[in-house]
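# Remarks on the overall topology
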Amino acid sequence: REQHRPRVGCSTLCLPHMGSYIYQRRWVKLDADYLRYFDGEKDPYSKRFIPVSSISRITSIGDQKFEVITNNRNFVFRAESDVDRNEWIRTLQQIVEERKSKALERTSISLTINGATDLVDKSGFLELRGFKHKLFVVVAGDKVFLYKNAEDYRLGIGITYIEMNLGNVKEVDRRGFDLTTPYRIFSFSADSDQEKEEWVEAMQQSISEALSNSEVAERIWLVESNRFCADCGSPKPDWASINLCVVICKRCAGEHRGLGPGITKVRSLKMDRKVWTEELIEALCAAVTTSDLAETQALLFCGAAVNCATGDPQCPTPLALAEKSGQRLQMEFLLHNKTSEMPRLEVGGSEEKPYSVPLPSVTHNGFLYKTPSMAKPVSERKGQEEFSRRWCTLQDGILSYYENDRNAVPNGEIKVEEIVCLVNNSPHTHGIESTFEVYIETERLYLFGLESPDSAREWLKSIAKSFVHPRAEELLALDFERIGRLHYKGGLNLERAKEGWFALAGSVLHVCFEDSERQEPLQLRKLQELSIQGDNEVLVLVERRRTLYIQGERKLDFLGWVHAIQKAAGSSGDTLSEQQLTESDVPLLVDRCIDYITQCGLTSEGIYRKSGQNSKTTSLLEMLRRDARSVRLKEGEHQVDDVANTLKRFFRDLGDGLFTRQWGQDWLRATALEDEEAKISEYRRLLGTLPTVNRATLKALINHLFRVQRFSAENQMNTHNLAIVFGPTLFQTDGKDYKAGRVVEDLISHYVKIFNVNDQEMKKQQDEIMAIMKMREAASSGTQQAGDFICTVYLEEKKTEAEQHVKIPATMTAEELTFEILDRRKIVMKEKDYWSCFEVNEREEAERPLHYSEKVLPILHCLGTESYLVVKKQMSMENMLIYLASRVGDCKHGMMKFREERNLLGLGLSTGFHDRYFILNSTCLRLYKEVRSHKPEKEWPVRNLKVYLGIKKKLRPPTCWGFTVFYENEKHEKQQWYLCCDTQADLREWFATFLHVQNGGALWPSETSKVRASRSQQDSRLGNISLIPLRGNESEMRSSVAAFATDPLTLLRNV
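Summarised in this report is the structure supplied together with it. (Residues numbered from 1 in each chain as written. Predicted model: local features only at pLDDT ≥ 70, side-chain atom pairs only at ≥ 80, totals over all residues. Heavy atoms only, no water.)

## Considering unusual backbone geometry
At Gln 716, a residue that is not glycine, the phi angle is positive and equals roughly 60°. Along the chain, Gln 716 falls in the loop between α18 (712–715) and α19 (719–731). Exposure remark for Gln 716: the relative accessible area of 42% places this residue in the partly exposed category. With a phi angle near 55°, Glu 845 is a residue other than glycine that sits in the positive phi range. Locating Glu 845 in the fold gives a position in the loop between β34 (835–841) and β35 (846–849). (Helix = DSSP H or I, 4+ residues; strand = E, 2+ residues; numbered from the N terminus. Buried < 20%, exposed > 50% of the residue type's maximum accessible area, 1.4 Å probe, protein only.)

## Quick look at the nonpolar core
Among the nonpolar cores identified, the biggest contains 62 residues, and Tyr 608, Phe 651, Phe 659, Trp 667, Leu 698, Leu 747 and Phe 755 are the most heavily contacted of them. Setting aside anything within four residues of it in sequence, one finds Phe 659 in contact with Gly 664, Trp 667, Leu 690, Leu 698, Leu 730, Phe 731, Val 743 and Leu 747. (Core = buried A, V, L, I, M, F, W, Y, C linked by side-chain atoms within 4.5 Å. Contact = heavy atoms within 4.5 Å.)

## A few points about the packing of aromatic side chains
If you walk through the whole model with that rule in mind, you get 38 aromatic pairs. One aromatic cluster is present, formed by Tyr 34, Phe 49, Phe 125, Phe 136, Phe 145, Tyr 147, Tyr 153 and Tyr 161 through successive ring pairs. Over the ring of Tyr 948 we find Arg 848, and its NZ or CZ is 5.8 Å from the ring centre. (Phe/Tyr/Trp six-rings, centres within 6.5 Å; stacked < 30°, edge-to-face > 60°. Lys NZ or Arg CZ within 6 Å of the ring centre and 35° of its normal.)

## Description of the pairing of strand β3 (residues 34–38)
Most of β3 sits out of view: five of its five residues are buried. Here β3 shows no split at all, with Tyr 34, Arg 36 and Phe 38 on one side and Leu 35 and Tyr 37 on the other all buried. As defined by bridge partners, strand β2 (residues 23–30) adjoins β3 across four bridges and the pair is classed as antiparallel. Looking at β3, one finds that Leu 30 is bridged to Leu 35. Hairpin geometry of β2 and β3 is characterised by an intervening segment of three residues between the two adjacent antiparallel strands. Where β3 and strand β4 (residues 48–51) come together, four bridges link them in antiparallel fashion. Residue pairing in the sheet places Tyr 34 in a bridge with Pro 51 of β4. (Pairing = 2+ DSSP bridges.)

## Structural notes on helix α20 (residues 738–749)
Helix length check: α20 (12 residues) gives 16 Å between terminal C-alpha atoms against 16 Å at 1.5 Å per residue, within 8%. Every buried residue of α20 is listed here: Ala 740, Gly 741, Val 743, Val 744, Asp 746, Leu 747 and Ile 748. Close packing links the buried residues of α20 with α15 (664–669), α16 (676–689), α17 (692–710), α19 and α21 (751–754). (Expected span 1.5 Å × (residues − 1).)

## With respect to empty space enclosed by the protein
Overall, the coordinates contain six cavities of 30 Å³ or more when judged by the stated rule. By volume, the largest cavity is sized at about 180 Å³. In terms of lining, the largest cavity is formed by 19 residues, of which the most central are Ser 836, Leu 850, His 851, Tyr 852 and Trp 1004. When residues of the lining of the largest cavity are traced back to their parent elements, those giving at least two are α23 (814–824) and β34. No other element matches α23, which puts four residues into the lining of the largest cavity. Residues of the lining of the largest cavity, tallied by class, amount to 13 nonpolar, five polar and one charged. (1 Å grid on protein atoms, 1.4 Å probe; cavity = no way out; pocket = protein on both sides within 12 Å on 5 of 7 lines; lining within 4 Å. Points joined across faces, edges and corners; volume = space filled by probe spheres on them. Nonpolar A, V, L, I, M, F, W, Y, C, P; charged D, E, K, R; others polar.)

## Some points on the pattern of salt bridges
Tallied over the entire structure, the rule returns 51 salt bridges. Among the salt bridges present, the one from Glu 676 reaches Lys 679, with a minimum N-O distance of 3.6 Å. In this pair, Glu 676 and Lys 679 are both assigned in helix α16, three residues apart and thus about one turn of the helix distant. Overall, Glu 676 belongs to the partly exposed group, its relative accessible area being 34%. Linking Lys 872 and Glu 847 is a salt bridge whose minimum nitrogen-to-oxygen distance equals 2.8 Å. (Salt bridge = Lys/Arg side-chain N within 4 Å of Asp/Glu carboxyl O.)

## Quick notes on the side chain of His 638
Mapped onto the elements of the fold, His 638 is located in the loop between α13 (614–627) and α14 (640–652). Overall, the relative accessible area of 17% leaves His 638 in the buried class. Setting aside its immediate chain neighbours within four residues, His 638 contacts Tyr 596, Leu 620, Arg 632, Leu 633 and Val 643.

## Remarks on the packing of α19 against α20
The geometry of α19 relative to α20 is characterised by a closest axis approach of 7 Å and an angle of 125° between their N-to-C directions. Viewed along their axes, α19 and α20 adopt a mutual orientation that is oblique. Classified by chirality, the crossing of α20 by α19 is right-handed. Contacts between α19 and α20 pair Thr 719, His 720, Leu 722, Ala 723, Phe 726, Gly 727, Pro 728, Leu 730 and Phe 731 from the former with Ala 740, Gly 741, Val 743, Val 744, Glu 745, Ile 748 and Ser 749 from the latter. (Axes fitted to C-alpha atoms, helices over the stretch in contact; angles between N-to-C directions. Parallel < 35°, antiparallel > 145°, perpendicular 65-115°, else oblique. Left-handed = near helix turned anticlockwise from the far one by under 90°.)

## Quick word on the sheet that holds strand β14 (residues 185–189)
Taken together, seven strands build an open sheet; the order of strands is β11-β10-β9-β8-β14-β13-β12 and the sheet is antiparallel. In this open sheet, the two strands that pair with only one neighbour each are β11 (160–163) and β12 (168–171). If you compare each strand with its neighbour and ignore which way they point, the axes differ by 35° on average. Inspection of the sheet shows β12 paired to strand β13 (residues 176–180) by four bridges, in the antiparallel sense. The residue of β13 that forms the bridge with Lys 170 is Asp 178.

## What to know about the environment of Glu 403
Secondary-structure assignment places Glu 403 in the loop between β20 (398–402) and β21 (412–415). Spatially, the C-alpha atom of Glu 403 lies 9.0 Å from that of Cys 392, the residues being 11 residues apart in sequence. Not counting the four nearest positions on each side in its chain, Glu 403 is found in contact with Arg 389, Arg 390 and Asn 411. Within the structure, Glu 403 has its side chain in polar contact with the side chain of Asn 411 (distance 3.0 Å). (Polar contact = N/O pair within 3.5 Å; in protein donor to acceptor, adjacent residues only side chain to side chain.)

In short, shape yes, function no, at least from these values alone.
Right, dumping it as structure tokens:
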């Protein structure tokens, strides 16, 4: 018998079987809540559980037996000895007595008995694979309970319960879904499609609750009065009203929500992590012990105004007085009730929004058209008939609206301190010509309008001035589309969210940071990354020098910001200046195409002269125009001629043209100048007249064509041929005017002089050309060396921002590739950090860690389209090394469940997994039908096996712990089969043994410094960094820029 912790007992007991007294041996566990019994000691899920709260008494009935008596059913157990039985009885009686003395601490399983049915999120009958009859299933909190029937549920006696912190729910078919845990897959089937969706939603919510952090709750429960709901007395309440400073249960939280956010602000102790500042936690814990805080609460709840005058000019309000006195808890409490109007309490915003400087007093009045307030974004056009004409006044920090200008009592009011965002809609967005939206903290939206744009603009400026903090007054001078306050993280300190003021004007986001005196502009079209993390909670903006995380404290206005920023960061028209841009002001679309052709098409015969497929060109151009930032051109997926045709069509369709309509004829007339120096001088003058983006784009394009013509011996595209193609394209003519081609030919021929290319830039150009020529020569002669094969490797997971493009020499090992990726991201391998390179097969849903000495290039040649490489930590390596060091002998044997993949003739095991006995030694793996068999059914040489972790879910493996094994003999005949283990430990031991025998006992290198030293001697002709720009956070960008300095191909993109 084991004693794992106080109040917990585990041992083997016997129970009567099927009403008889033929006892079955069971492993029994007792904790503070349940008495459970299992088939075996290692089983994670019980055969039956009995809530301790339902046990009325325990009696000894002799012969090492004792009886557990519940309200409706009796259970007889037999221990291994009288001593063991007596200890079980004593422990059970002690726990039952404690439960009776603390009647309020009822268990979550006694739901219906204790009248707590409100804790159940979902209940009903479901079919479960492996059971003949439907089970009664209950989702409650962070657990899923299984009962034989509804009667057992009423009695509180169930089969087992599933902890959802390790669960995952996935829909399988129209009525079926799987609940997957590390120990078992529960395959459920509902009565209808709608029922299935409700069950899936309930279980996903249960998983979210299970994964929520209870640290805040545990700290608040340390105070005895916080251990019970302030309203109904339920134990362990996990919700709170943060402005009333009381802790409440889930049921009462629903009642509070019904009162509206103006009365009580309800937050979860476990899930709403952002709101729980140290001060707020202390306020909840100190409310009953700190006299000054209790006095503040008493005054406020008796009707004292939060913003009443103190008579002190330096501290005009109680909040300012508390701040001066360093009373943090009072400040926190007053902030959450700052906009209160007693006895009603309005919702405050974030706990970090105090205005230490008084807002300016703004006065404005007049008629406005108004719609009823809304709780969701305006998705449809509002007709004129939906607006009502109201007299509106802005005075003393309150925006009031009246039925007419003669009424003394307003229909409603908006306090300017509650305003979080102001939006200026485009003209004629709605039935009224000029409209604007006002968002407030309580997740409400007000839509106003006027027929006069000038009058609407005056209202906008007045409202903005009334609620924008004085330190952000610079933003008021902008012709903004949207202005307001948001929380953000950025710079070197990402621990605490700060409050900033944001204004969106065109494609520029102007920001007044908390610790900055002046506003800073963010050029949204030049962002290197724009993404949303979490459940639409964080907007990530990545510039070249920094990363900014904007957080969504309120869903309504934040979604508006996200959509507006995404739209402003995209291409908005057909002129160059309206495109997404690189740091050097070149359209990202142009940069992507030039970059791809530089890598893959410089030696392609007839490049730019041949036409690609029209449908592919149209599709690619549409994608790049919509969001070039998210498009990655890859060899094999895109053809060189399609990309080249896309670039030409972009310039031909360009609004206002590359040379502009204003100056286009001057460029053509310049070709008539006979003196070459005079012509070059005129070209340079005209270049200076072009807009910045046009000038940068022209230089990038001519630089690219200059490189293309250097390979004319191979691609047959000399300067003249390129001019014939690009002249009519860039000047958007029909091709009959030879002067257009002459301009392009002159620009390429005199590229160095016209564009002021210095010696250093020419050296880069020459280095690139020489490198590409050597690479092509090596490829044609069959002696291709380092830098010839470029592949995509991911860091930790397969997503665009985790891509790394690496050149793979023939000698590179998996260990060297791993260090290459870690070095790029400046990740330091700490002790017991087992970073490895994995081959992932998406089709088979399996992965294989490459041995550190494996050569990478042969693996790449064998990878299918559904496979890729990823570098990540091998979490089980330490346990595998410990197992191998402690075991005796080199072989491994035991039972596993086996399934063979059907071959092309339909032979092999048809369905399901079958128990088989396996022996693995240093030379072969043998399969026996059972333990007593003398002759193996199958035998495979270990050297011919490839073992992957994981099994396709559609095969319905009996456990999560399995392998996919591929076998190929000398005749290249292939087989594929699957193995399942009963536990994770078994899987780890088998896999460790496979690796041990396949690699001569060396699972992990004893020295890694030699690898880093050898890598430093790589051929640096083409550098060791990717050939396309990387993406990442601020430090990653700096690292990438420094690394790019060794790569001439990359350097030339900035020429």
